[in-house]
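# Overview (structure and organization)
Chain by chain, the residues run as shown.
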Amino acid sequence: MSTERGEQDIIDTHYTTIHTLGRQNEGRRLRYMNKDGRFPVVFQKTPGNWSPYLIDIFTTLVETRWRVMFLIFSLSYILSWLFFGLCYWLIAYVHGDVDNVDNEPCVANVRGFTGAFMFSMETQATIGYGFRGMTENCIVAIIVVTIQDVCSCLLDTIIIGIVLCKMASARKRAQTVGFSSCAVVNQRDGALCLSWRLGDFRGNHMLEGVARAVLVRYVKQPLGSIVMSYQDLEIQNRDIVLATPATIIHKLEPGSPLYSLGPDDLLEDNFELVVSFTYTGDSTGMLHQTRTCYTSADIRWGQRFQDMLKVGKRRYKVDYALFNVTMWVPVPLLSAEECDRGRCPVEGPQSQNPLFPSVKRNGHTRQVNPNVTGEVMQQTCL
């Protein structure tokens, strides 16, 4: 294998068909979506600035980071103890409990701010040590204790609800359902197909989900603006039962945005394939979505995924070590449109077929060995 100035090159080996590599600067392109499913989008000068986050404060707290959530959790209780402790101290000060020891206090054994804070914490946490207690001398103190009890129940409900929602977040379950690191193009039933793999890494699988794929292109206008275009890809068997890893297949047929793209055109075209899988978890009943993105450099022409499902004595066995492993297969170096015009043959030896010609790149002519069988296919771990 040789490479000059980062341009695309050809692999020539008796084990494989020709494979086109991506450019070295492919990773420098601005992505519409990252591989982990996040969108690298920054919002500037949004209407209302922080008001959308404050209006929906519950969702804001659920989406915040855990360290921030722990800080809010601690401060919510500490500040409430300080606030009501200050109220009890003011009541004791106005009633004269701080200066006059012989005076009948509103709260027993509360003569200063420290005692008032301890009483506030014991009341809200329902500790009840018995050393400090409310008396019948001050109706105002009784009202404050009642208000604190109600606020304590409300605060516990909000904080515990946010923590539980955050722990059961759909994002965590989505991390246990993954897509393959690349997509492949090969022949199925005599037609070129684009496919990628989907698998669930947990034992308690969901029963059913819906797969979707969208081709995203962005075009820079002369004035600097960017126009985004979205094209849905037709998927065979969109509804999937993910008990075992599944291969999502898109047939390159008329009407497909990739129908006229060959292996070389694939690298020149600037697009991203956004794939997603929306499903309901069987444990929580919550709706989840896993998504990722494939660029043109992530699409491997002339490869297929290695089989990872085996039959055991009592059950099926899935080897996830082969989840991203592919092998080379003989595939014409033509687009699906050109292949249909030339009556592209099905998979198999192509020694006499003109669809596998010699290829001349960078002044060198390289011949493809068409005698490729399943026994000599080279495995490539991506």
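As a reminder, the structure under discussion sits directly above these lines.
A brief structural summary. (Residues numbered from 1 in each chain as written. Predicted model: local features only at pLDDT ≥ 70, side-chain atom pairs only at ≥ 80, totals over all residues. Heavy atoms only, no water.)

### Focus on a nonpolar patch on the surface
Note the cut-off: Grouping into patches uses exposed residues only, defined as over 30% relative accessible area, and leaves out salt-bridged ones; the cut-off is 9 Å for like charges and 5 Å for nonpolar side chains (Val, Leu, Ile, Met, Phe, Trp, Tyr). Note on areas: Shrake-Rupley with a 1.4 Å probe; residue coverage comes only from the protein chains shown. Note on definitions: salt bridges are taken to be side-chain nitrogens of Lys or Arg within 4 Å of carboxyl oxygens of Asp or Glu. A run of DSSP states H or I qualifies as a helix once it reaches four residues; a run of E qualifies as a strand once it reaches two. Both are numbered from the N-terminal end. Buried, partly exposed and exposed residues are distinguished by accessible area as a fraction of the type maximum, computed with a 1.4 Å probe on protein chains only: under 20%, between the cut-offs, and over 50%, respectively.
Taken together, the side chains of Leu71, Leu75, Ile78, Leu79, Leu82, Leu86, Leu90 and Phe113 define a hydrophobic patch exposed on the protein surface, amounting to about 670 Å² of accessible area. Sort the elements by how many residues they give to the nonpolar patch and helix H3 (residues 66-95) lands first, with 7 residues. Relative to the helices and strands, Ile78 is located in helix H3. Classification of Ile78 as partly exposed rests on a relative accessible area of 37%.

### Some details on the environment of Val62
Defined as follows: In what follows, a contact means two residues having at least one pair of non-hydrogen atoms within 4.5 Å.
Mapped onto the fold, Val62 is located in helix H2 (residues 57-63). Distance from Val62 to Leu164, taken between C-alpha atoms, is 9.1 Å for residues 102 residues apart in sequence. In this structure, Val62 is in contact with Ile162, Cys165 and Lys166, ignoring residues within four places of it in sequence.

### Description of the pattern of salt bridges
According to the stated counting rule, one finds 5 salt bridges in the structure shown. Between Arg341 and Glu337 there is a salt bridge; the shortest N-O distance is 2.8 Å. Of the two residues, Arg341 and Glu337 are both situated in helix H8 (residues 336-341); the distance of 4 residues between them amounts to about one turn of the helix.

### Regarding the packing of H3 against helix H5 (residues 139-167)
So the rule is basically this: Axis lines are fitted through C-alpha atoms, for helices just across the contact stretch, and the angle between N-to-C directions can take any value from 0 to 180 degrees. For classification purposes, angles smaller than 35 degrees are called roughly parallel, those larger than 145 roughly antiparallel, those between 65 and 115 roughly perpendicular, and all remaining angles oblique. Throughout this entry, Asp, Glu, Lys and Arg are counted as charged residues, while Ala, Val, Leu, Ile, Met, Phe, Trp, Tyr, Cys and Pro are counted as nonpolar. The remaining residues, Gly among them, count as polar.
Put simply, H3 and H5 touch, their axes get as near as 11 Å, and they point 180° apart. Here H3 lies roughly antiparallel to H5, going by the angle between them. Taken together, the residues of the contact of H3 with H5 sort by class into 19 nonpolar, 3 polar and 2 charged.

### Some thoughts on the state of the cysteines
Covalent bonding between the sulfur atoms of two cysteines defines a disulfide. The cut-off we apply is this: When two cysteine sulfur atoms lie within 2.5 Å, the pair is treated as a disulfide.
A complete count under the given rule lists 1 disulfide for this structure. Between the sulfur atoms of Cys106 and its disulfide partner Cys138 the distance amounts to 1.6 Å. Of note, the bridge from Cys106 to Cys138 carries an S-S torsion of about -45° and is left-handed in sense. With a gap of 32 residues between them, Cys106 in the loop between H3 and strand E1 (107-108) and Cys138 in the loop between strand E2 (133-134) and H5 connect regions that are remote in the sequence. By the burial criterion, Cys106 is buried, and Cys138 matches it. This cysteine, Cys151, is not joined by any disulfide, and Cys153 carries the nearest cysteine sulfur, 9.4 Å off. Judged by its relative accessible area of 36%, Cys151 is partly exposed. On the accessibility criterion, Cys153 (52% relative accessible area) is exposed.

### Digging into the side chain of Ser180
Rule in force here: Whenever a nitrogen or oxygen atom comes within 3.5 Å of another N or O atom, the pair is scored as a polar contact, on the condition that within protein one atom can donate a hydrogen and the other can accept it, and that pairs from neighbouring residues in sequence are kept only if both atoms are in side chains.
For Ser180, the location among the structural elements is in the loop between strand E3 (177-179) and strand E4 (183-188). At 2.7 Å, the side chain of Ser180 and the backbone oxygen of Cys182 are in polar contact. Apart from the residues lying within four places of it in its own chain, the contact partners of Ser180 are Trp196, Arg197, Tyr294, Phe305, Phe323 and Asn324.

### Considerations on H5
Rule in force here: To estimate the expected span of a helix, count its residues, drop one, and scale the result by 1.5 Å.
Between its first and last C-alpha atoms H5 spans 42 Å; for 29 residues at 1.5 Å apiece the expected length is 42 Å, and the two agree. Taken together, the buried positions of H5 are Ala141, Val144, Val145, Gln148, Ser152, Leu155, Ile159, Ile162 and Lys166.

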